[in-house]
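The lines below spell out each chain.
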2 protein chains.
Amino acid sequence: MKLTILFGGASFEHEISIVSAITLKEKLSNFDLTFIFCDSDHTFYLVEPSKMKAITFSKGEHKKMAQLSLTQGGFMQKSLFSKTAYTNVVLNLIHGGDGEDGTISSLLDFYAIKYIGPRTDASVFSFDKVYTKYLCDAIGVKSVPYEVLKKSEQKDITIGYPVIVKPSRLGSSIGVSIVKDESEMDYALDTAFEFDDTVLVEPFLEGVKEYNLAGYKSGDEIKFSIVEEPHKEEFLDFEKKYMDFSRSEQVLKAEIPEDLVLKLQTNFKKVYDGLFEGALIRCDFFVHNDEVLLNEINPIPGSMANYLFEDFATAIEELSGSLPQKKMISASYEYIHSISKAKGK
Amino acid sequence: MKLTILFGGASFEHEISIVSAITLKEKLSNFDLTFIFCDSDHTFYLVEPSKMKAITFSKGEHKKMAQLSLTQGGFMQKSLFSKTAYTNVVLNLIHGGDGEDGTISSLLDFYAIKYIGPRTDASVFSFDKVYTKYLCDAIGVKSVPYEVLKKSEQKDITIGYPVIVKPSRLGSSIGVSIVKDESEMDYALDTAFEFDDTVLVEPFLEGVKEYNLAGYKSGDEIKFSIVEEPHKEEFLDFEKKYMDFSRSEQVLKAEIPEDLVLKLQTNFKKVYDGLFEGALIRCDFFVHNDEVLLNEINPIPGSMANYLFEDFATAIEELSGSLPQKKMISASYEYIHSISKAKGK
């Protein structure tokens, strides 16, 4: 099938988006792929598949490629004598800011371009970790207790150490610290506040098990990936996670009882239904004292969590056939007509 | 000051946006105004101020005007021999879909255009009435109890009649019904489900008082409007509300005790802080059994609630000087460089 992969973006995860795109080129080698790069200055470039290498972008070679602009129904390449429109379904692979904060989804909706990825409301609830907590509380999904700190106010936390400190709106572990005691707190907060004015503090749970589950909706049915128990070091730093975005080999199923799998799937479904339609997402769960807690929603997971699916290409094909599209509402002017009539002018 | 008014949009409130824009032309007559119309097919047109009349649009005369496109920093008018950029601060006056659902804010953010109006996250929390409930619960602002019904599922409500039935994502009373008993429910649901797949049901509170309060942030301070007790008929239908969007005369302060004004302001501040910066919003409150309940957030109120401000022009000027802007994050490629080095290529 034909598919456009949109990657890059003005975000701290710009580079891992490039890595993700390169990985998908390999994983979807039987697709007819178009690559559109969103540079960090928000210019769109058409990238030849043969140029899909990290050094193309780090050397700035993309700047010599054809520029594209947005137009109703697709991306347009204009030259003096011709116009070419790229109207395939787009896979939004811009991780972090732009891609996951609702900006790119809004752009694609506005220009009536069909896309795989979270819609704008789903983006807002998953991009900001505080809003993910709001969502969990509202839909009855348990998560780790939390406190919110603002850059502008001095406030002591009431959660006992050790704690984990996270900028509210960044993924990929950027700016995140584990704080063992109060003496380390100032440094951790300074680091987190470099990236965001709002910071989330959670207890660092000892002995927690971590499980990742991905899925998407095809028709009315959620198709789940296998459950993975990710390699657990104390904590993944950005560079390790970066390598993680280039994963393409299928991983082994976590060896857990079937009823835990069902519990994870039930929680995933609560999060997904009515909000994430159109997206393939990965939910990262904790299991602590026999309770399932949602840790994070990745609405555009690294390399689309391809390594969790037995048949990733089919997953993308099925999802492409189940995309919601924003209704266009045309103006009838019936009120203006009736009021003009009433006013006699 | 110079200001661009952006109005229209593909929404059920397209026409009232036109009425709002015409009203602001009058209220901001000492401004140097530019008018940009977003047609319901998402084409942008530059409208001469002298053409700012309802019939211009209902007769389709705007289609002969200059088309604009989005570009970094502003709206661009291109002709064969020249380019003109419109780079003023934009007042997003697109009510309802597009303007209030996060689409237009994302577009303006992406193209680095400064604007008055709710950011994308604020839009999501105010446009969808269910998400407004999530917000209220999370920040400790009381609101009317509610149940959610989905088009796809059969479910009985547990709230006693009379109830009020609202499509989750429409403003201006479109599709809203008061249901006195069960016999009227099917019709009310059919009407509401015409506009949205999700419907909110709330008890219809008898003897409720209604108060509207608008405000915006200038620097660190919220500037409040007067409190209005709106004319209360049982319920404003769309046509009445439509006329409401052309209001330009200052209204009288509600005659209420100072401590109630303070309570309303405290609730307003809880809603606004950290979410609505950059917007002038109107919160519509109920007072029921001495409790203040948030009924609705209007992040782009009709004619910008000009009639609630003693000096509306100054309000807009102050707000223009206090606009947040999305940080652009440039790519350093340091990870790609370090990984390329480690791989020796």
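Treat the numbers as computed from the prediction; the structure is a model and nothing was measured. (Residues numbered from 1 in each chain as written. Chains lettered and ligands numbered in written order. Predicted model: local features only at pLDDT ≥ 70, side-chain atom pairs only at ≥ 80, totals over all residues. Heavy atoms only, no water.)

A. Geometry of the overall build of chain A. Along the backbone of chain A there are 10 helices and 16 strands. For a compact globule of 345 residues, the expected C-alpha radius of gyration is about 20 Å, and chain A comes in at 22 Å, within 12% of that figure. Dimensions along the principal axes, computed over C-alpha positions, put chain A at roughly 65 × 60 × 40 Å. Sequence-distant contacts in chain A: of pairs separated by 6 or more residues, those separated by 24 or more amount to 67%. In the structure as shown, chain A presents an accessible area of about 14,800 Å², 48% of it carried by carbon and sulfur atoms. Averaging the coordinates of the 38 positive side-chain charges in chain A and doing the same for the 53 negative ones gives two points 9 Å apart. (Helix = DSSP H or I, 4+ residues; strand = E, 2+ residues; numbered from the N terminus. Rg over C-alpha atoms; globule rule 2.2 N^0.38 Å. Contact = heavy atoms within 4.5 Å. Areas by Shrake-Rupley, 256 points an atom, 1.4 Å probe, with all protein chains shown as cover. Lys, Arg positive; Asp, Glu negative; His and termini not counted. Charge placed at Lys NZ, Arg CZ, Asp CG, Glu CD.)

B. Representation of the relation of the copies chain B and chain A in the model. Superposing chain B onto chain A takes a rotation of 180 degrees plus a shift of 0.0 Å along the axis, which leaves an RMSD of 0.0 Å. On this basis, the relationship between the two copies can be described by a two-fold rotation axis. (Least-squares fit on C-alpha atoms with pLDDT ≥ 70 in both.)

C. Broad picture of helix α3 (residues 103–110) of chain B. Here α3 of chain B lies mainly inside the structure; 8 of its 8 residues are buried. All of the buried residues in α3 of chain B are Thr103, Ile104, Ser105, Ser106, Leu107, Leu108, Asp109 and Phe110 of chain B. (Buried < 20%, exposed > 50% of the residue type's maximum accessible area, 1.4 Å probe, protein only.)

D. A look at the pattern of salt bridges. Scanning the entire structure with this criterion turns up 26 salt bridges over all chains. The partner of Lys166 of chain B in a salt bridge is Glu202 of chain B, with the nearest N and O atoms 3.1 Å apart. With a gap of 36 residues between them, Lys166 of chain B in strand β10 (residues 163–167) and Glu202 of chain B in strand β12 (residues 198–203) connect regions that are remote in the sequence. For the pair Lys166 of chain B and Glu202 of chain B, a shared accessibility class is recorded, and that class is buried. Ionic contacts of the salt-bridge type, sharing partners, join the residues Lys217, Lys269, Asp273 and Glu277 of chain A into one network. (Salt bridge = Lys/Arg side-chain N within 4 Å of Asp/Glu carboxyl O.)

E. Structural context of helix α4 (residues 120–127) of chain B. Burial runs high along α4 of chain B: 8 of the 8 residues are buried. Within α4 of chain B, the full set of buried residues consists of Thr120, Asp121, Ala122, Ser123, Val124, Phe125, Ser126 and Phe127 of chain B. Check the buried side of α4 of chain B and you find it contacts α4 (120–127) and α5 (129–139) of chain A together with α3, α5 (129–139) and β16 (291–298) of chain B.

F. Structural view of the sheet that holds strand β7 (residues 90–92) of chain A. Spatial strand order, β6-β5-β4-β3-β2-β1-β7-β8 (chain A): 8 strands in an open sheet with mixed pairing. Sheet topology places β6 (83–86) and β8 (115–116) of chain A at the edges, where each strand pairs with a single neighbour. (Pairing = 2+ DSSP bridges.)

G. Here's a closer look at empty space enclosed by the protein. Residue and element names in this part refer to chain B. For the coordinates displayed, the defined rule picks out 3 cavities of 30 Å³ or more. Considering only enclosed or pocket space, the second largest cavity measures out at about 80 Å³ in volume. For the second largest cavity, the lining is made up of 13 residues, of which Lys129, Thr132, Lys133, Asn295 and Glu296 are closest to its centre. For the lining of the second largest cavity, the elements supplying multiple residues, two or more each, are α5, β12 and β16. In the lining of the second largest cavity, the residues fall into 4 nonpolar, 4 polar and 5 charged. (1 Å grid on protein atoms, 1.4 Å probe; cavity = no way out; pocket = protein on both sides within 12 Å on 5 of 7 lines; lining within 4 Å. Points joined across faces, edges and corners; volume = space filled by probe spheres on them. Nonpolar A, V, L, I, M, F, W, Y, C, P; charged D, E, K, R; others polar.)

H. Spotlight on the pairing of strand β14 (residues 221–228) of chain A. Residues and elements named next belong to chain A. As judged from the 6 bridges shared by strand β13 (residues 209–218) and β14, these two strands associate in the antiparallel manner. Counterpart to Asn212 in the pairing with β14 is Glu228. Hairpin connection from β13 to β14: 2 residues lie between these consecutive antiparallel strands, with Gly219 at a positive phi of about 65 degrees.

I. View of the interface of chain B and chain A. Taken together, the contact pairs 61 residues of chain B with 61 residues of chain A. In this assembly, chain B packs against chain A so that about 5,000 Å² is buried in total across both faces, 67% of it on carbon and sulfur atoms. Connecting chain B to chain A are 0 salt bridges. Scanning the region where chain B abuts chain A turns up 12 residue pairs in polar contact (both at pLDDT 80 or more). Mapped by element, the contributors of at least two residues to the side of chain B that touches chain A are α1 (14–27), β2 (32–38), α2 (54–58), α3, α4, α5, α7 (238–244) and α10 (334–343) of chain B. Among the elements that make up the side of chain B that touches chain A, the one with the highest residue count is α10 of chain B (7 residues). Across the side of chain B that touches chain A, the residue classes tally to 32 nonpolar, 17 polar and 12 charged. (Buried area = accessible area lost by both parts, 1.4 Å probe. Polar contact = N/O pair within 3.5 Å; in protein donor to acceptor, adjacent residues only side chain to side chain.)

J. Region of the structure containing the packing of aromatic side chains. Summed over all chains, the structure comprises 33 aromatic pairs over all chains. A ring pair is formed by Phe224 of chain A and Phe268 of chain A, whose centres lie 5.4 Å apart and whose planes are at 75 degrees; its orientation type is edge-to-face. On the criterion of sequence distance, the pair formed by Phe224 of chain A in strand β14 and Phe268 of chain A in helix α8 (residues 258–272) is long-range, its members being 44 residues apart. You can call Phe268 of chain A buried: its relative accessible area is 0%. Taken together, the ring pairs in this structure connect Phe125, Tyr131 and Tyr134 of chain A together with Phe125, Tyr131 and Tyr134 of chain B into an aromatic cluster. Looking at Arg119 of chain B, its charged tip hangs above the ring of Tyr115 of chain B, at a distance of 3.7 Å from the centre. (Phe/Tyr/Trp six-rings, centres within 6.5 Å; stacked < 30°, edge-to-face > 60°. Lys NZ or Arg CZ within 6 Å of the ring centre and 35° of its normal.)

K. Molecular detail of the pairing of strand β1 (residues 2–8) of chain A. Residue and element names in this part refer to chain A. Across the 7 residues that make up β1, a large majority, 6, are buried. In terms of strand pairing, β1 meets strand β2 (residues 32–38) through 7 bridges, oriented parallel. Across the sheet, the residue bridging to Leu3 is Leu33, located in β2. You can see the chain leave β1, run along helix α1 (residues 14–27) and come back into β2, and the turn it takes is right-handed. Bridge analysis of β1 against β7 gives 3 bridges, and the strand direction is parallel. Looking across to β7, one finds that Ile5 is bridged to Leu91. (Right-handed = clockwise from strand over helix to strand, strands pointing away.)

L. Structural detail: the state of the cysteines. Residues and elements named next belong to chain A. All told, the structure shown has 0 disulfides over all chains when counted by the stated rule. Of all cysteine sulfurs, the one in Cys136 lies closest to Cys283, which takes part in no disulfide; the gap is 8.9 Å. By relative accessible area, Cys283 is classed as buried at 0%. (Disulfide = S-S within 2.5 Å.)

M. Seen up close, the nonpolar core. In this structure, Leu3 and Phe7 of chain A together with Leu3, Ile5 and Phe7 of chain B are the most contacted members of the largest nonpolar core, which totals 142 residues. With residues near it in sequence (within four places) discarded, Leu3 of chain A still touches Leu28, Phe31, Asp32, Leu33, Thr34, Asn88, Val89, Val90, Leu91, Ile116 and Ile316 of chain A. By size, the runner-up hydrophobic cluster in this structure holds 36 residues, among which are Ile113 of chain A together with Phe75, Leu107 and Phe110 of chain B. (Core = buried A, V, L, I, M, F, W, Y, C linked by side-chain atoms within 4.5 Å.)

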